[in-house]
Amino acid sequence: MAKQKTGIEQLSAGRFLKLAADRLKFVSAASDAPVSDLKDHLQNQLAEALHPHVQFLTVGEVIVHSDDMKSYILRADPQRGTKQPAWFSAGQYLSIAVFIDGKMYCRPYSIASSPRDTLDGFYMITVKRVQGGVVSGYILDNWKVGTSAAASAPLGEFTYEPLRDAKTVIGIAGGSGITPFRSFAKAISEGDEDFNLVLLYGSRTLNDAVFSDEIAAMAKDCDKIKLVNVLSDEKVRGKENGFITAKLIRKYAPKEGDYSIFLCGPQAMYRFADKEIETLNLRRKFVRHELFGEYFHPENDAEYHGDAEKTYQVTVRMAGKTTVIPCKGNTSLLRAMEDAGLNPPSDCRSGRCGWCHSQLLAGEVYTPASVDGRREADLIYGYIHPCCAFPETDVTIDVPPMPGL
Amino acid sequence: MTFARYLGTPEGTIYGYENSGVDNVVMRTAMKDLDYNMPHIHYCGGHYVRGDGFPSGYITGMMAANAAINELRRDK
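Residues numbered from 1 in each chain as written. Chains lettered and ligands numbered in written order. Predicted model: local features only at pLDDT ≥ 70, side-chain atom pairs only at ≥ 80, totals over all residues. Heavy atoms only, no water.

A word on the sheet that holds strand 19 (residues 395–399) of chain A
- In space, the five strands of this open sheet follow the order 14-13-19-15-17 (chain A), with mixed pairing throughout. Strands at the two margins of the open sheet, each flanked by one partner only, are strand 14 (321–328) and strand 17 (383–384) of chain A. (Pairing = 2+ DSSP bridges. Helix = DSSP H or I, 4+ residues; strand = E, 2+ residues; numbered from the N terminus.)

With respect to the pairing of strand 7 (residues 168–174) of chain A
Residue and element names in this part refer to chain A.
- Of all seven residues making up strand 7, seven are buried, and the element is well covered by its neighbours.
- Of the pairings in the sheet, the one linking strand 7 to strand 8 (residues 196–203) comprises seven bridges and is parallel in character. Residue Ala173 lies in a different strand from strand 8, and its bridge partner there is Tyr201.
- What joins strand 7 to strand 8 is helix 4 (residues 179–189), and the crossover it makes is right-handed.
- By the bridge criterion, five bridges tie strand 7 to strand 11 (residues 260–264) in an arrangement that is parallel. Along strand 11, the bridge assignment pairs Val169 with Ser260. (Buried < 20%, exposed > 50% of the residue type's maximum accessible area, 1.4 Å probe, protein only. Right-handed = clockwise from strand over helix to strand, strands pointing away.)

Focus on helix 4 (residues 54–75) of chain B
Residues and elements named next belong to chain B.
- In this model, helix 4 (22 residues) spans 31 Å end to end at C-alpha, consistent with the 32 Å of a helix rising 1.5 Å per residue.
- Along helix 4, the residues that are buried comprise Ser56, Thr60, Ala64 and Glu71. Looking down the long axis of helix 4, one finds its buried residues gathered within 60° of arc, a one-sided arrangement. Across from the buried face of helix 4, at angles greater than 90 degrees, the exposed residues are Phe54, Tyr58, Met62, Leu72 and Arg73. (Expected span 1.5 Å × (residues − 1). Arc of directions from axis to C-beta.)

Section: the interface of chain B and chain A
- Every contact between the two is made by 17 residues of chain B and, on the other side, 16 residues of chain A.
- Here chain B meets chain A over a buried area of about 1500 Å², counting both sides, of which 67% is carbon and sulfur.
- Broken down residue by residue, the surface that chain B buries against chain A is led by Met1, Glu11 and Val22 of chain B, which jointly contribute 40%.
- Linking Asp23 of chain B and Arg23 of chain A is a salt bridge whose minimum nitrogen-to-oxygen distance equals 2.8 Å.
- Here chain B and chain A share eight residue pairs in polar contact (both at pLDDT 80 or more) between them.
- Those elements that place two or more of their residues in the side of chain B that touches chain A are helix 1 (2–7), helix 2 (25–30) and helix 3 (32–35) of chain B.
- Looking at which element gives the most residues to the side of chain B that touches chain A, the answer is helix 2 of chain B, with three residues. (Contact = heavy atoms within 4.5 Å. Buried area = accessible area lost by both parts, 1.4 Å probe. Salt bridge = Lys/Arg side-chain N within 4 Å of Asp/Glu carboxyl O. Polar contact = N/O pair within 3.5 Å; in protein donor to acceptor, adjacent residues only side chain to side chain.)

Shown next as structure tokens:
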């Protein structure tokens, strides 16, 4: 019987050497046409529908609350390629981009409409005038029915998560911070969210409490929603008077079992409410904040070592281009780049989302601890968030360009 | 869907080009300088010569990093 060849003995050097030529022939003969278009794939369509790079919208309606506060119904603009606004979770925000004198400015606005409203083709945002603000004033004075707008996909983590959050949420809203809670309340009444919302709504007077009547009407029809107006400058029968204190929270919190606290409002409200909430000894996961918002006046912090009034030189490297721009010590690097017309990327403007994540190549910046959302790797490799970084010396930064716009 | 969003691959597939017949790991590796001939660009991941899988990702990542470091040292 002939000995059977096994393993390496079967290999023929001739055949092996031919493989390269065969492969070359095989590759050369293959078609260079794409196998398929990404748009034909269901998962890619879904990804694009839920997480579009940019949403083109048009102002469909303007609701005037006062000269300094208006709500805008933003409808999808199919002519520019957005067929339907992307679905979202109640509590999320849109980063709205506006162009003023050819410069792009982005600002986050909570979505006040409900997720279900996107099926009817619209979002609603509410804009309040910020003293000294660039964008809020521009929108309030210029946007009318038909104005074109551009927005990000829905973003943010100020959402209800049943695995983490308690069945009852005490919502603490101050001023225009009511907007995400209007979305929560509407989503609960429409059956898309399932938790008990006790809303402590702080305002100066009842007249200032935008959406109060609407939310009260939702509460009437849905026993999962409760609205408590807390008026600081006015005494009205049946309404709470004063500020939102730990005592008041305890009064409306469930007598037994856990509860979560969700806060959205101005920075002064966070500072006051956080001290009160501390005394309630809740677990950390049960206290959740909406974005802090832009940080101003770093010079008031002991940790800041720059000169607030000095103009520093910032060398910005972006997509292979180098630009030198001025930046005052009390101005964030992001604002300086926007003012210089560099169109830097930004979404949350509060050190959280990571969209403006940039590398500090030279110099020193100050990032306030309360808005420092960086990871350990960022600190090791010198990354910063320009939205909450203030120059303490001349600096050089490497910034990614804004995609999608 | 999440992979489709972040990777932009068809159906969000995380796998690279299929290993088939003459187009296999050995031949891809043997012919890599012919296939990947752009100077200063080093490749890694599931679409590179070793095909898909975590070990291939790690190993080709290490290979790319070493190649880039060697190139930088040479250029100094």
